[in-house]
Amino acid sequence: MEFKLTPGGTICGEARVPGDKSISHRSIMLGALAEGVTRVSGFLEGDDALATLSAFRAMGVEIERPGEGSVIVNGVGLHGLEAPAHPLDLGNAGTGMRLMCGLLAGQPFDSELTGDASLCSRPMGRVIDPLQLMGAEITSSEGGRPPLRITGGRQLRGIHYDLPMASAQVKSCVLLAGLYGNGRTSVTEPAPTRDHTERMLRGFGYQVSSDNGVISLEGGGSLRAADIDVPADISSATFFLVAASIAQGSDLVLTHVGINPTRIGVLNILGLMGADISLNNEREVGGEPVADIHVRYAPLKGIEIPEDQVPLAIDEFPALFIAAACAEGRTVLRGAKELRVKESDRIAAMAEGLTTLGVENEVLDDGIIIEGGRLGGGVINTFHDHRIAMSFAIAALRAEGEIRILDCDHVATSFPGFDALARGLGLQISALVD
Ligand code: S3P
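Residues numbered from 1 in each chain as written. Predicted model: local features only at pLDDT ≥ 70, side-chain atom pairs only at ≥ 80, totals over all residues. Heavy atoms only, no water.

Colleague: What is the right way to look at the overall build of the protein chain in this model?
Modeller: The helix and strand tally for the protein chain stands at twelve helices and 25 strands. The globule rule puts the C-alpha radius of gyration for 434 residues at 22 Å, and the 21 Å found for the protein chain is close to it. Along the three orthogonal principal directions, the C-alpha set of the protein chain runs to about 60 × 45 × 40 Å. Buried residues in the protein chain amount to 59% of all 434 residues. When contacts within the protein chain are restricted to residue pairs at least 6 apart in sequence, long-range pairs at least 24 apart make up 75% of them. For the protein chain, the accessible surface area stands at approximately 15,200 Å², while carbon and sulfur atoms represent 47% of it. In the protein chain, 35 positive and 55 negative side-chain charges are present, and the distance between their average locations comes to 1 Å. (Helix = DSSP H or I, 4+ residues; strand = E, 2+ residues; numbered from the N terminus. Rg over C-alpha atoms; globule rule 2.2 N^0.38 Å. Buried < 20%, exposed > 50% of the residue type's maximum accessible area, 1.4 Å probe, protein only. Contact = heavy atoms within 4.5 Å. Areas by Shrake-Rupley, 256 points an atom, 1.4 Å probe, with all protein chains shown as cover. Lys, Arg positive; Asp, Glu negative; His and termini not counted. Charge placed at Lys NZ, Arg CZ, Asp CG, Glu CD.)

So this is what it looks like as C-alpha cells:
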C-alpha cells in the first residue's frame with residue numbers, strides 16, 4: 001500500500017486514536033499468566049498486539065474477542081502455559097519478542113521466537129545477556145538476531161542487573177523472568193523508561209518496588225486477574241499533535257490519551273518549541289493517567305532537545321523531526337542512538353526523507369540537526385517502518401508539492417485505520433493498494 005498526499009489542509013475536530021501498543025501487549029501477557037479472567041477494553045487491534053495474542057493462544061490460553069477493542073483473557077496462572085506446537089511468530093513487534101523471551105525463559109518447555117524481516121534484523125543480545133546471567137539457555141542467529149531458541153526446564157535465579165541502555169523492553173524482560181526466578185530480581189536504569197510493566201504487575205496484585213531508580217520483585221508469587229482499560233496511545237496521538245501544531249488554523253481534541261509521566265516527552269518537547277497544547281479532564285484509569293489533549297496551531301521554533309527527554313519520547317522522534325522541519329531555526333537532537341535500532345534506523349530513514357523534501361539536515365552518530373524551512377514534495381521510502389510512513393504523511397500539511405509514501409502496510413502494526421482517521425480530521429491522504 002502507498003499513501004498519496006495532496007499538500008495543505010488544516011486539522012480540526014475530535015478523535016480517539018487506537019489503544020496503547022505497550023499496554024495492549026502487556027494486557028495479554030499478564031492476563032494470560034494471571035489466575036482468573038481479565039477483561040480488556042480499548043485494546044489495540046494492530047498487527048503487533050494481535051501477534052502477541054496469537055502467541056498466547058498457541059500456548060493454550062483461551063482468548064475471546066467479543067467486539068472492537070474488547071478482549072477476554074482466561075488466565076492460566078504463572079505455571080499454566082502449554083508448549084506451542086510451532087515457532088511463535090511475533091511479526092514486527094520488538095516488544096512482543098523481548099518481553100516474551102523473558103517469560104518463556106522460565107517455562108518448563110522449549111520454545112522458538114521469530115518474526116518478520118525487520119524484527120529478525122534487530123538486536124536481541126540485550127535480552128539474551130541478562131537472561132543467561134539468570135541461568136536461561138537461549139540461542140540466536142548470528143549477532144544475537146532472531147530466531148531465538150529457548151530451552152525450557154531451567155531454574156532461573158534472581159539477579160541484579162544494571163541496564164546498559166535506557167530500555168523498557170529489557171527492563172520488562174528481566175522483571176518477567178524474575179517472576180520465575182529464585183529470590184529477588186532487580187534492575188537499575190540509566191534513565192527512567194516507560195513503567196507500564198511495573199504498574200500492571202501491581203494492578204494484578206504483585207509486589208514491585210521502585211526505590212531510587214532500582215526496580216525489584218521476588219520470584220514465586222502469583223498474579224490475580226484484573227480488568228484493564230487501555231488508554232489511547234500517546235505515540236499514535238503524536239502524529240496529530242504535530243499535524244495540528246504545524247497546519248495553520250488547526251484546532252483538535254484527542255480524547256482519553258495516556259499521559260503516563262514516562263511517556264510525555266513529546267508534550268514537553270513540543271511545549272519547548274512553542275506548541276499550543278493543553279490537557280483537560282485529567283483522570284486515572286486502571287493505574288494509568290489519561291487526559292483529553294487540546295492542540296491548536298502555533299508557530300514553532302527550533303530547540304536543543306534536552307537529553308533527559310529522549311527516553312520519554314523515544315517513539316515520537318520521527319514525528320518530532322517533521323515539527324522541527326516546520327519550525328523556525330535549528331533543532332538539535334543528541335543522545336538518541338537507540339533510534340538506530342527501532343523498526344528501522346530512524347535517524348537514517350528520516351534524514352533521507354527530509355532530504356528528499358529539501359529540508360537541510362545533518363546526521364550525527366546519536367542524533368540529527370534539522371534546519372527548519374520550506375518543504376517540497378517527493379517520493380519517500382519508509383524502510384518498512386510504520387512511524388516513518390505516518391510522519392511523512394503529516395508533513396504534507398506544509399509541503400509545496402505532492403508526497404508519495406511507498407510501502408505503508410506496516411502502519412497497521414500500531415495504527416490500523418490511520419488514513420481514514422487522518423482524512424476525517426483534514427489530511428488530504430489517499431491510500432493506494434498495489
Ligand atoms: C516499548 C519500549 C521502547 C519503545 C517500544 C515499546 C515497550 O523500546 O521504543 O516501541 O513497550 O516496552 P525500547 O525498550 O527498546 O526503548
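The structure having been displayed, the exposition proceeds.
Colleague: When you look at the sheet that holds strand 16 (residues 228-229) in this model, what are you seeing that I'm missing?
Modeller: Sheet strands pair via backbone hydrogen bonds, and the direction of the pair is either parallel or antiparallel. Reading across the sheet, the four strands line up as 4-5-3-16 and stay open at both edges, with mixed pairing between neighbours. The open sheet is flanked by strand 4 (62-67) and strand 16, the only strands paired with a single partner. Bridge count between strand 4 and strand 5 (residues 70-76): four bridges; the pairing is antiparallel. Looking at the pairing, I63 lines up with V73 of strand 5. Relative to strand 5, helix 1 (residues 21-33) is tilted by about 35°, and along the sheet it contacts strand 3 (35-41), strand 4, strand 5 and strand 16. (Pairing = 2+ DSSP bridges. Axes fitted to C-alpha atoms, helices over the stretch in contact; angles between N-to-C directions.)

Colleague: Mind showing me how you'd approach the site of the ligand here?
Modeller: In the vicinity of the ligand lie 13 residues, with S22, R26, S167, D315 and K342 positioned nearest. Measuring from an oxygen atom of the ligand, one finds a side-chain N or O atom of S167 at 2.7 Å. In this structure, K342 approaches the ligand through a side-chain N or O atom, which is 2.7 Å from an oxygen atom. About the coverage of the ligand: the protein hides 95% of its 390 Å² of free accessible area. In this structure, the ligand is accommodated by the largest pocket. When residues of the shell around the ligand are traced back to their parent elements, those giving at least two are helix 1, helix 3 (94-104) and helix 5 (168-178). It is helix 1 that contributes the most residues to the shell around the ligand, three residues altogether. Each residue belonging to the shell around the ligand can be placed in one class, and the counts come to three nonpolar, four polar and six charged. Counting the residues that make up the shell around the ligand, at least three belong to each of domain 1 (2-19 + 231-432) and domain 2 (21-229). (Near = heavy atom within 4 Å. Polar contact = N/O pair within 3.5 Å; in protein donor to acceptor, adjacent residues only side chain to side chain. 1 Å grid on protein atoms, 1.4 Å probe; cavity = no way out; pocket = protein on both sides within 12 Å on 5 of 7 lines; lining within 4 Å. Sits in = over half its atoms within 2 Å of the grid points. Nonpolar A, V, L, I, M, F, W, Y, C, P; charged D, E, K, R; others polar. Domains from an automatic or database assignment.)

Colleague: I'm lost on the pattern of salt bridges in this one. Help?
Modeller: The tally for this structure, following the rule as stated, stands at 25 salt bridges. Residue E189 pairs with K171 through a salt bridge whose shortest N-O separation is 3.4 Å. Here K171 lies in helix 5 and E189 lies in the loop between strand 13 (184-188) and helix 6 (196-203), a separation of 18 residues in the sequence. Measuring nitrogen to oxygen at the nearest pair gives 3.2 Å for the salt bridge that ties D365 to K337. Taken together, the residues span a long stretch of sequence, with D365 in the loop between strand 21 (361-364) and strand 22 (367-371) and K337 in the loop between strand 20 (330-333) and helix 10 (346-356) at a distance of 28 residues. For D365, a relative accessible area of 51% gives the class exposed. Look at the salt bridges and you will find they share partners, linking R122, R194, D315, E343, R346, D385 and R387 into a network. (Salt bridge = Lys/Arg side-chain N within 4 Å of Asp/Glu carboxyl O.)

Colleague: I'm lost on the pairing of strand 18 (residues 276-285) in this one. Help?
Modeller: Consecutive residues of a regular strand have side chains that alternate between opposite faces of the sheet. Of the strand pairs in this sheet, strand 18 and strand 19 (residues 288-296) are connected by eight bridges, and their pairing is antiparallel. Counterpart to E284 in the pairing with strand 19 is P289.

Colleague: I'm lost on the domain arrangement of the protein chain in this one. Help?
Modeller: The extent of an interface is frequently quoted as the accessible surface area lost upon association of the parts. For the protein chain, the assigned domains are domain 1 (2-19 + 231-432) and domain 2 (21-229). Look at where the C-alpha atoms of domain 1 and domain 2 centre, and you get two points 28 Å apart. Contact residues are listed per partner, giving 29 residues for domain 1 and 26 residues for domain 2. The largest per-residue losses of area from domain 1 upon contact with domain 2 belong to R263, E343 and T413, which jointly make up 22% of the total buried on that side. There are three salt bridges connecting domain 1 and domain 2. In this structure, R122 and E343 form a salt bridge, with 4.0 Å as the shortest nitrogen-oxygen distance. At the junction of domain 1 and domain 2, the tally comes to 16 residue pairs in polar contact (both at pLDDT 80 or more). (Buried area = accessible area lost by both parts, 1.4 Å probe.)

Colleague: Quick question: what am I supposed to make of the pairing of strand 3 here?
Modeller: When strand 3 meets strand 5, the two strands line up antiparallel, connected through six bridges. Across the sheet, E35 pairs through a bridge with V76, a residue of strand 5.

Colleague: Where do I start with the packing of aromatic side chains in this structure?
Modeller: What describes a pair of aromatic rings is the distance from one ring centre to the other and the angle between the planes of the rings. Within the structure shown, the criterion is met by six aromatic pairs. Pairing F239 with F418 gives two aromatic rings, centres 6.3 Å apart and planes at 75°, and the pair type is edge-to-face. Of this pair, F239 sits in helix 7 (residues 234-246) while F418 sits in helix 12 (residues 418-425), and the two are 179 residues apart along the sequence. Judged by its relative accessible area of 1%, F239 is buried. Judged by its relative accessible area of 0%, F418 falls in the buried class. With a centroid separation of 5.3 Å and an interplanar angle of 75°, the aromatic rings of F415 and F418 are classed as edge-to-face. (Phe/Tyr/Trp six-rings, centres within 6.5 Å; stacked < 30°, edge-to-face > 60°.)

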